[in-house]
Amino acid sequence: LPPAAEQPTSIGRIKPELYKQKSVDGDEAKSEAAKSCGKINFSLRYDYESETLIVRILKAFDLPAKDFCGSSDPYVKIYLLPDRKCKLQTRVHRKTLNPTFDENFHFPVPYEELADRKLHLSVFDFDRFSRHDMIGEVILDNLFEASDLSRETSIWKDIQYATSESVDLGEIMFSLCYLPTAGRLTLTVIKCRNLKAMDITGYSDPYVKVSLLCDGRRLKKKKTTIKKNTLNPVYNEAIIFDIPPENMDQVSLLISVMDYDRVGHNEIIGVCRVGTNAEGLGRDHWNEMLAYPRKPIAHWHSLVEVK
């Protein structure tokens, strides 16, 4: 090889192209795993007179075998998110990887709300003696993707691999503002929407807890007031932390939406994190706050389960 090939790159003697190839292979392996869950065929139609969305589960094809005998006992659960209380499901079909369901399910919903709803199909393998195995799921974000819903439209979707139902925990909106001269960070909790119901009433009693973390240790925590019986609380409450500019790249904030319980212990509905070492929007929101000091920057954040 010519001498130039022996010159170390800016990151030492590592050949980035080797790692790039490896990640591509990893992506291919992931997509293969996703493909192995089979397909599902369903149709959608909206009945304007009764204001009802009619979901017809037609059939599934090429499902993975979950039983020792090389077969499965599949059935499908249907939700119209964000509502998880109304859970409908098909009959169980014994010992088949290509079941034909042909069942209709009705969801009462005003037409103007359809744009904000998601269809969630969870495919399970029935087990009489233990917990039912989840085969995979399909989430249709846009109900108008295939048609205008005025006539019945057949849709085929790949079933995505999943081991548990992905739960929509809701979202929180807050603003961040930093004053470098005063060393003051203000997080204003504005509101939440579509929170997961934690009580048997179908509601929650949510409040927001904000923890200041440094190297994984919690330095301080502060809370908002509690809002009773709601999944869409409005707070507009400011939470202030004193942080010198030289420490801003070492800290992060953990925002936890909690459900207050007068009798038992308070439960976590979901969390999000902001800071230099956070992921995705949590990092971007933090960097935007630093780039525009003294200006409140507000964003919606999706809540995730506690790791």
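Quick caveat, the model's predicted, so the values are computed rather than measured.

Colleague: Sorry, what's going on with helix α2 (residues 281-291) here?
Modeller: Think of an α-helix as turning once every 3.6 residues; residues three or four places apart then point the same way. Among all positions in α2, only Gly282, His285, Trp286 and Met289 are buried. Here the buried residues of α2 occupy an arc of 100 degrees about the axis, which is enough to place them on one side. Check the buried side of α2 and you find it contacts β10 (171-179), β11 (184-193), β15 (251-259), β16 (267-275) and β17 (297-302).

Colleague: Where do I start with the pairing of β10 in this structure?
Modeller: Most of β10 is tucked away, with seven of its nine residues classed as buried. When β10 meets β11, the two strands line up antiparallel, connected through nine bridges. Bridge assignment links serine 175 to a residue of β11, and that residue is threonine 188. Hairpin connection between β10 and β11: a loop of four residues separates the two successive antiparallel strands, and glycine 183 in this loop has a positive phi of roughly 65 degrees.

Colleague: Just checking my understanding: could you explain the confidence of the model for the protein for this structure?
Modeller: Per-residue confidence for the protein gives a mean pLDDT of 83; residues scoring 70 or more make up 84%. Mean pLDDT across the secondary structure elements of the protein bottoms out at helix α1 (residues 16-35), with 45, and peaks at strand β14 (residues 234-242), with 97. Per-residue pLDDT stays below 50 along residues 2-34; that stretch engages in nine contacts with residues further than four places along the chain or on separate chains.

Colleague: How do you make sense of the environment of aspartate 168 when you look at a structure like this?
Modeller: Take aspartate 168: it is sitting in the loop between β9 (160-161) and β10. Spatially, the C-alpha atoms of aspartate 168 and leucine 303 are 8.0 Å apart, while their sequence positions differ by 135 residues.

Colleague: Whenever I open this one, the nonpolar core confuses me. Can you help?
Modeller: Nonpolar side chains in soluble globular proteins generally cluster together in the buried interior. Judged by nonpolar contacts, the single largest core of 30 residues is most densely connected at Ile172, Leu253, Ile255 and Trp286. Beyond its immediate chain neighbours, meaning those up to four positions away, isoleucine 255 contacts Ile172, Phe174, Leu187, Val208, Lys209, Val210, Gly270, Val271, Cys272 and Val274.

Colleague: Even after reading the chapter, I still don't get the sheet that holds β15, so can you show me in this structure?
Modeller: Strand pairing in a sheet relies on backbone hydrogen bonds. The paired strands run either parallel or antiparallel. If you trace the four strands from one edge of the open sheet to the other, you get β13-β12-β15-β16, paired in antiparallel fashion. The sheet is open, and its two edges are formed by β13 (217-223) and β16, each paired on a single side. Across the sheet, the mean angle from the axis of one strand to that of its neighbour is 25 degrees, orientation sign disregarded. Direction of pairing for strand β12 (residues 206-214) relative to β13: antiparallel, over a ladder of six bridges. Opposite valine 210, over in β13, you have lysine 222 as the bridge partner.

Colleague: Looking at this structure, how should I read the pairing of strand β2 (residues 52-61)?
Modeller: In summary, the side chains of a regular strand alternate between the two faces of the sheet. Within β2, seven of the 10 residues are buried, which leaves it mostly tucked inside the rest of the structure. Pairing analysis gives nine bridges linking strand β1 (residues 39-47) to β2, with the strands arranged antiparallel. Bridging across to β2, leucine 44 finds its partner in valine 55. Count of turn residues in the β1/β2 antiparallel hairpin: four residues, of which glutamate 51 carries a positive phi of about 50 degrees. Bridge count between β2 and strand β5 (residues 100-108): seven bridges; the pairing is antiparallel.

Colleague: Hey, could you run me through the packing of aromatic side chains in this one?
Modeller: Centre-to-centre distance and the angle between the planes together describe a pair of aromatic rings. Per the counting criterion, the structure on display carries five aromatic pairs. Measuring from centroid to centroid gives 5.1 Å for tyrosine 46 and tyrosine 48, while their planes differ by 85 degrees, and the two rings are edge-to-face. Residue tyrosine 46 is classed as buried on the basis of its relative accessible area, which comes to 2%. Taking relative accessible area as the criterion, tyrosine 48 reaches 45% and is therefore assigned partly exposed. Every member of this aromatic cluster is reached through a ring pair, and the members are Tyr46, Tyr48, Tyr111 and Phe144. Taking the ring centre of tryptophan 300 as reference, the NZ or CZ of arginine 193 above it sits at 3.8 Å.

Colleague: What is the right way to read the sheet that holds β5 from this model?
Modeller: The antiparallel open sheet is built from four strands, whose spatial order is β5-β2-β1-β8. Edge positions in the open sheet fall to β5 and β8 (153-158), since each of these has one partner strand only. Within this sheet the neighbouring strands show an average axis-to-axis angle of 25 degrees, counted without direction.

Calculation criteria
- Residues numbered from 1 in each chain as written.
- Predicted model: local features only at pLDDT ≥ 70, side-chain atom pairs only at ≥ 80, totals over all residues.
- Heavy atoms only, no water.
- Buried < 20%, exposed > 50% of the residue type's maximum accessible area, 1.4 Å probe, protein only.
- Helix = DSSP H or I, 4+ residues; strand = E, 2+ residues; numbered from the N terminus.
- Arc of directions from axis to C-beta.
- Contact = heavy atoms within 4.5 Å.
- Pairing = 2+ DSSP bridges.
- pLDDT = per-residue confidence, 0-100.
- Core = buried A, V, L, I, M, F, W, Y, C linked by side-chain atoms within 4.5 Å.
- Axes fitted to C-alpha atoms, helices over the stretch in contact; angles between N-to-C directions.
- Phe/Tyr/Trp six-rings, centres within 6.5 Å; stacked < 30°, edge-to-face > 60°.
- Lys NZ or Arg CZ within 6 Å of the ring centre and 35° of its normal.

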